[in-house]
Amino acid sequence: MEGDCLSCIKYLMFIFNFFIFLGGSFLLGVGIWVLVDPSGFREIVAANPLLFTGVYAILIMGGMLFLLGFLGCCGAIRENKCLLLFFFMLILIIFLAELAVAILAFIFREHLTRDYFTKELKTHYQGTNSTDVFTSTWNAIMTTFDCCGVNSAEDFDDHSLFRRLNPSRLVPEVCCQRNDLMISKEECLKGIMPIRNKGCYSAVVDYFETYIYMAGALAIVVLTIELFAMVFAMCLFRGIQ
């Protein structure tokens, strides 16, 4: 009876990790294709800091899933205690890291307020300086979500770093990058009528509000799978003679 149970756990672990292995291989393939694609998609990604970061996040995630799936499959099918222990420790580290991120997000949740982002924008945003990470990230956010500032274009007032560096402009150029309205870029830069007047805080919250429950459910599913994977790995580890 104990041998049948051990065999069941063994093949469940193999099937489970085989799908993880396939998922990791797919993500690695997508990330590598984007980086080496000769059709020009690489330049589009490189020009957008958010997409550029996302590609490397996909590569890292794909690599971790690939390694996890490989260790789990080999450890289960060959009943190798060393591989199973390494698999268990790797999942435990990932689980603890996710738990730490959740705790830190709860502790520093006051840093995600509208006032905090407004203060940071006024203090550090420079305008068109592509070498400054903070500025280029905010430009990417305003372009992606079709917004301007944290609350509105009025965030770029006389007290902001942007206005001190660009006294002749009332709004950044990124707030004027649309050609479907009857207003010139020069008029927009002078603040006559900013084309993008919606604040990015509201735009981002509205966008992610649709997916917040899905993300929460997905996080619970992932944590549950990780817990079961650790239990199965330890059961198989202890059952191997």
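Residues numbered from 1 in each chain as written. Predicted model: local features only at pLDDT ≥ 70, side-chain atom pairs only at ≥ 80, totals over all residues. Heavy atoms only, no water.

Now for a nonpolar patch on the surface. A contiguous nonpolar surface patch, about 680 Å² in accessible area, is contributed by Leu96, Leu99, Ile103, Leu104, Phe106, Ile107 and Phe108. Take Phe106: it is sitting in helix H4 (residues 81-107). Here Phe106 falls in the exposed class, since its relative accessible area comes to 54%. (Patch = residues over 30% accessible without salt bridge, like charges linked within 9 Å, V, L, I, M, F, W, Y side chains within 5 Å. Areas by Shrake-Rupley, 256 points an atom, 1.4 Å probe, with all protein chains shown as cover. Salt bridge = Lys/Arg side-chain N within 4 Å of Asp/Glu carboxyl O. Helix = DSSP H or I, 4+ residues; strand = E, 2+ residues; numbered from the N terminus. Buried < 20%, exposed > 50% of the residue type's maximum accessible area, 1.4 Å probe, protein only.)

Within this structure, the stated rule accounts for 7 aromatic pairs. Where Phe18 meets Phe19, the ring centres are 6.3 Å apart and the plane angle is 65°; that geometry is what we call edge-to-face. Under the relative-accessibility criterion, Phe18 is labelled partly exposed at 35%. Relative to Phe66, the ring of Phe21 lies with its centre 4.7 Å away and its plane at 35°, an arrangement referred to as tilted. Linking Phe21 in helix H1 (residues 2-36) with Phe66 in helix H3 (residues 49-78), this pair joins segments that are 45 residues apart in sequence. A residue is classified by how much of its surface remains accessible, and Phe21, at 22% relative accessible area, is partly exposed. (Phe/Tyr/Trp six-rings, centres within 6.5 Å; stacked < 30°, edge-to-face > 60°.)

Let us now look at the state of the cysteines. A full pass over the atoms with the stated rule returns 2 disulfides. Between the sulfur atoms of Cys147 and its disulfide mate Cys200 the distance is 2.0 Å. Disulfide Cys147-Cys200: torsion about the S-S bond near 95°, hence right-handed. Highlighted residues: Cys147 in the loop between helix H6 (133-144) and helix H7 (161-165) and Cys200 in helix H9 (residues 200-209), separated in sequence by 53 residues. Judged by its relative accessible area of 0%, Cys147 falls in the buried class. Accessibility expressed as a relative area gives 2% for Cys200, which makes it buried. The disulfide partner of Cys148 is Cys175, and the S-S distance across this bridge is 2.0 Å. (Disulfide = S-S within 2.5 Å.)

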